[in-house]
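Notes for the structure review
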Amino acid sequence: MSEPTAPKKADPWPTQLRLTEEGQLLTVTFDSGEVFALSSRNLRLATPSAEAKRLSPAEREAQIGDRPVRITEIEPVGNYAIRPTFDDGHSTGIFTWAHLAELGRTGK
Amino acid sequence: MIDENAIAEALGAVNGPDGRTPLTRSGAIAGLTQREGKVYLSILVDPTAAAKAEPMRKAAEEALRAVEGVAAAIVTLTSERAPGAPAARSHSHAPAANPAARPRVPESVAGVRHLIAVASGKGGVGKSTVAANLAIAMAQEGWRVGLLDADVFGPSAPRLFGLTEKPKVEQSFLVPLLAHGVKVISIGLMIEEEAPVVWRGPMVMSAVTQLLREVAWGELDCLVVDMPPGTGDVQLTLAQSAPLAGAIIVSTPQDLALIDARRGIAMFDKVKIPVLGIIENMSYFICPHCQGRSDIFAHGGARHEAEKRGVAFLGEVPLDMEIRETSDAGRPVAAAFPDGPHAKIFRAIARNVIGQLDAPAQRVAPKILIG
């Protein structure tokens, strides 16, 4: 059984998402005061999409190649996530706030 | 896609709330979205001057309808900005400032201030009856309320609200029916009562999206969504496509129902929708003959669960003939006997919910800025 769902202080909540560098950099500000600058390339590599789950990190790298990756569109998903569209057309990854925080904290 | 510049041009010809500045330069555009030839615009106005703004609303609607490719336009007046909407952006002067990237405007439902869901883990706990009475009670508290029956497989709203006529379609928007002070829409209004809905997931999802967005709700303080039981397609579609302000869980006190209520709470937690509270339905039974009380499904289980999960306990609704009879007769108890003991329970719950919705939201979805 899971613990009570009541107040979860550790739960990261973003206050702002900012896309700059012509779509190559997503800066996420959390209410904890943490600010993470995530490159669109790393986000693309870390996509939680089911389509990419079967790919190894190396395969993901190979799929994207050496070019810079841009985000062309960001769609909010309810209260809990975003769904970015990348310039290679990939748009099926739903990034939750927790996932974004994790990517930031692990230095991706 | 309708040409955004054409829309901006059309709106530039309409005077904004002050009667002089073009709408596009007035900073009063709180939200502008389009979907399959339909344009939704909300204009920010001072709530006290809403009546005076009506001609402007009409003018904007007509201007939009004249734009090529626009099949229908809905313009609403709002006193609040849609979350994430730009504060004051001039559409006419900076058309597509950064064509490389653009944020999608969060698709809140045009004109609806708060969207809440009434859900349960298990079926048969009286969720639709509670949702109907809660909506009526909120309307009695002075709110403009709508009820969306999202239970596409077992729609109950037509029976509960005593509705038999089919909703009209105006400019390709469904017009909700008004009953007991609540605007109601349900898939059940469009099909025969005995006809089954035999659909796969994607059809259900698109039906729910249509019931949400392609209905002329007008200005509402609250839209109550009566969810189907469980944690499936409909729940996920709503959680992903609309910013829900909160969810209310209905459960009977018995353990079997509470197990699934827990799942419901956990699901809303996953998609970051706050649980406004739990209502215990069929909480107790007062014998009409001897006045003795029987706790048919045990008692207090939902309250206990609410405490354990740290969510509000909203109230106990008894198992009572009057509630059942009025529901089946199309006049829910809150409307049929507004001064009766049961109506009082729903009014108290309604006040609690209104209070929670009016309080400033703790956590709203973040702003998405581009550039």
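Residues numbered from 1 in each chain as written. Chains lettered and ligands numbered in written order. Predicted model: local features only at pLDDT ≥ 70, side-chain atom pairs only at ≥ 80, totals over all residues. Heavy atoms only, no water.

1. Some points on the pattern of salt bridges
- Within this structure, the stated rule accounts for 25 salt bridges over all chains.
- Ionic pairing is found between Arg83 of chain A and Glu75 of chain A, a salt bridge with its closest N-O pair at 2.5 Å.
- With a closest N to O distance of 2.9 Å, Glu54 of chain B and Arg57 of chain B form a salt bridge. Remark: Arg57 of chain B and Glu54 of chain B occur in helix α2 (residues 54–65); sequence separation between them is 3 residues, near one turn of the helix.
- Assessed through its relative accessible area of 28%, Glu54 of chain B is described here as partly exposed.
- Judged by its relative accessible area of 17%, Arg57 of chain B is buried.
- Shared partners join several salt bridges into a network, and the residues in it are Glu54, Arg57, Lys58, Glu61 and Arg65 of chain B. (Salt bridge = Lys/Arg side-chain N within 4 Å of Asp/Glu carboxyl O. Helix = DSSP H or I, 4+ residues; strand = E, 2+ residues; numbered from the N terminus. Buried < 20%, exposed > 50% of the residue type's maximum accessible area, 1.4 Å probe, protein only.)

2. Topic: the sheet that holds strand β17 (residues 367–370) of chain B
- Taken together, the 4 strands give an open sheet; going across it, the order is β3(A)-β2(A)-β1(A)-β17(B), and neighbouring strands pair in mixed fashion. Each edge of the open sheet is held by one strand with a lone partner, namely β3 (35–39) of chain A together with β17 of chain B. Going across the sheet, the axis of each strand differs from the next one's by a mean of 15 degrees, ignoring polarity.
- Across 4 bridges, strand β1 (residues 14–20) of chain A lies against β17 of chain B in parallel orientation. Residue Arg18 of chain A lies in a different strand from β17 of chain B, and its bridge partner there is Leu369 of chain B.
- Lying over the sheet, helix α4 (residues 97–105) of chain A contacts β1, β2 (25–30) and β3 of chain A, oriented at roughly 85 degrees with respect to β3 of chain A. (Pairing = 2+ DSSP bridges. Axes fitted to C-alpha atoms, helices over the stretch in contact; angles between N-to-C directions. Contact = heavy atoms within 4.5 Å.)

3. Considering the domain arrangement of chain B
Residues and elements named next belong to chain B.
- Taken as a whole, chain B is organised into domain 1 (4–85) and domain 2 (112–357).
- The straight-line distance from the C-alpha centre of domain 1 to that of domain 2 is 32 Å.
- Of the residues lining the interface, 12 residues belong to domain 1; the matching set on domain 2 comes to 9 residues.
- Taking both sides of the interface into account, the surface hidden between domain 1 and domain 2 amounts to around 950 Å²; carbon and sulfur atoms contribute 50%.
- If you sort the residues of domain 1 by the area they bury against domain 2, Arg35, Lys38 and Ile74 come out on top, with a joint share of 40%. (Domains from an automatic or database assignment. Buried area = accessible area lost by both parts, 1.4 Å probe.)

4. Here's the deal with helix α8 (residues 301–309) of chain B
Residue and element names in this part refer to chain B.
- Those residues of α8 not exposed but buried are Gly301, Ala302, Glu305, Ala306 and Arg309. Down the axis, α8 shows its buried residues gathered within 135 degrees of arc, on one side only.
- Buried residues belonging to α8 abut α7 (255–270), β13 (275–281) and β16 (313–317).
- Just past α8, the residue Gly310 takes up positive phi, approximately 70 degrees. (Arc of directions from axis to C-beta.)

5. Re the packing of α7 of chain B against α8 of chain B
Residue and element names in this part refer to chain B.
- It is the contact of α7 with α8, at a shortest axis distance of 11 Å, that shows an interaxial angle of 35 degrees. The handedness of the crossing between α7 and α8 comes out as right-handed. Judged by residue contacts, Leu258, Arg262 and Ile265 of α7 engage Gly301, Ala302, Glu305 and Arg309 from α8.
- Partitioned by chemical class, the residues of the contact of α7 with α8 number 3 nonpolar, 1 polar and 3 charged. (Left-handed = near helix turned anticlockwise from the far one by under 90°. Nonpolar A, V, L, I, M, F, W, Y, C, P; charged D, E, K, R; others polar.)

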